[in-house]
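Chain residues, written in single-letter form:
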Amino acid sequence: SFNEEEESRYESEVAQKESLKTKGPVEEKKVLHLTQGEIEGVISVSRGIPERAEEIMKNQLKDENLQLIYKLLETLAKLKRDRSRIYYPVLELNQEITSKELGSFFDDVIFVINTILKKKSLGIEGILLEDLRGKTDVLSTELTYTMLEKYLSIFYDGRKYITLGVNINKETIINSLLLKLLEV
């Protein structure tokens, strides 16, 4: 009983309903002009996830999670280098980290640490965005294999607290994690 006339009527009704949902101004089409190197950089940082790649391009080739992770690792490296026992610079990142979705943040931390390990051991550039590549180079010389492995194990262990069904305050998880990182 379903014929072509019914199908075209149904399609036009669906299109009309969809057009009513998008009331308001239509955004102007945006055209990005990226070099081949920038495109490869976005793909490397987004790890091929289209939504992440789009977000990075909208943020002028910056990934907020990765920027925060590098800030955390640079702060940890500076404290180790200075042999400082002042923990405030690391603990003040709690608020910023807590505002992130922890599952993807943990994944990003593991990605960055693995990238640093690849650079350190094999000389492979895992991140192709220029500013992050420089930070990776510096951290690969400042952080030891042992430190990086311990950081990885802390984040792998911390994953069990962010799984569904575990009722623990995000700030508690992050404070505990940051204190463990400071102990390395």
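Remember, it's a predicted structure, so these values are computed and weren't measured experimentally.

Asker: Lay out the pattern of salt bridges with the relevant residues and their values.
Answerer: Under the defined criterion, the tally for this structure stands at eight salt bridges. A salt bridge links Glu142 to Arg81, with the shortest nitrogen-to-oxygen separation between them at 2.7 Å. Of the two residues, Glu142 is situated in helix α8 (residues 130-142) and Arg81 in helix α4 (residues 64-82); the sequence distance between them amounts to 61 residues. Accessibility expressed as a relative area gives 48% for Arg81, which makes it partly exposed. In this structure, Lys119 engages Glu125 in a salt bridge whose closest nitrogen and oxygen atoms are separated by 2.9 Å.

Asker: Explain helix α2 (residues 36-46) residue by residue, including any values.
Answerer: Taken residue by residue, α2 has Gly41, Val42, Ser44, Val45 and Ser46 as its buried positions. Where α2 is buried, its residues contact α3 (50-58), α4, α7 (102-122) and α8. Phi turns positive, to about 55°, at Arg47, one or two residues after α2.

Asker: Could you give an account of the packing of α2 against α3, with specific residues and numbers?
Answerer: Two packed helices can be described by the angle between their axes and the distance between those axes. Axis separation between α2 and α3 bottoms out at 9 Å; the angle between their running directions is 125°. As judged from the angle between their axes, α2 and α3 are oblique. By crossing handedness, the relation of α2 to α3 is classed as right-handed. Listed contacts from α3 to Val42, Val45 and Ser46 of α2 are Arg52, Ala53, Ile56 and Met57.

Asker: Run through the side chain of Thr75, naming residues and quoting values.
Answerer: Structurally, Thr75 is set in helix α4. For Thr75, the residues in contact, after removing those within four places along its chain, are Pro89 and Val90.

Asker: How would you summarise the side chain of Ser46 if you had to cite specific residues and measurements?
Answerer: Structurally, Ser46 is set in helix α2. The buried category is assigned to Ser46, whose relative accessible area is 1%. Leaving out residues up to four positions away in the same chain, Ser46 has contacts with Arg52, Ala53 and Ile56.

Asker: Help me get a handle on the environment of Val138, residues and values and all.
Answerer: Residue position: Val138 is located in helix α8. Between the C-alpha atoms of Val138 and Ala77, which are 61 residues apart in sequence, the distance is 9.8 Å.

Asker: Go over the nonpolar core, please, and point to the residues and values.
Answerer: Leu73, Ile97, Tyr151 and Leu181 are the most contacted members of the largest nonpolar core, which has 44 residues in total. Put simply, the parts of the chain that give this core at least two residues each are α2, α3, α4, α7, α8, α9 (145-158) and α10 (170-183). In terms of residue count, the dominant contributor to this core is α7 (ten residues). Leaving out residues up to four positions away in the same chain, Tyr151 has contacts with Leu73, Leu76, Ile113, Leu143, Leu181 and Val184.

Parameters at a glance
Residues numbered from 1 in each chain as written. Predicted model: local features only at pLDDT ≥ 70, side-chain atom pairs only at ≥ 80, totals over all residues. Heavy atoms only, no water. Salt bridge = Lys/Arg side-chain N within 4 Å of Asp/Glu carboxyl O. Helix = DSSP H or I, 4+ residues; strand = E, 2+ residues; numbered from the N terminus. Buried < 20%, exposed > 50% of the residue type's maximum accessible area, 1.4 Å probe, protein only. Contact = heavy atoms within 4.5 Å. Axes fitted to C-alpha atoms, helices over the stretch in contact; angles between N-to-C directions. Parallel < 35°, antiparallel > 145°, perpendicular 65-115°, else oblique. Left-handed = near helix turned anticlockwise from the far one by under 90°. Core = buried A, V, L, I, M, F, W, Y, C linked by side-chain atoms within 4.5 Å.

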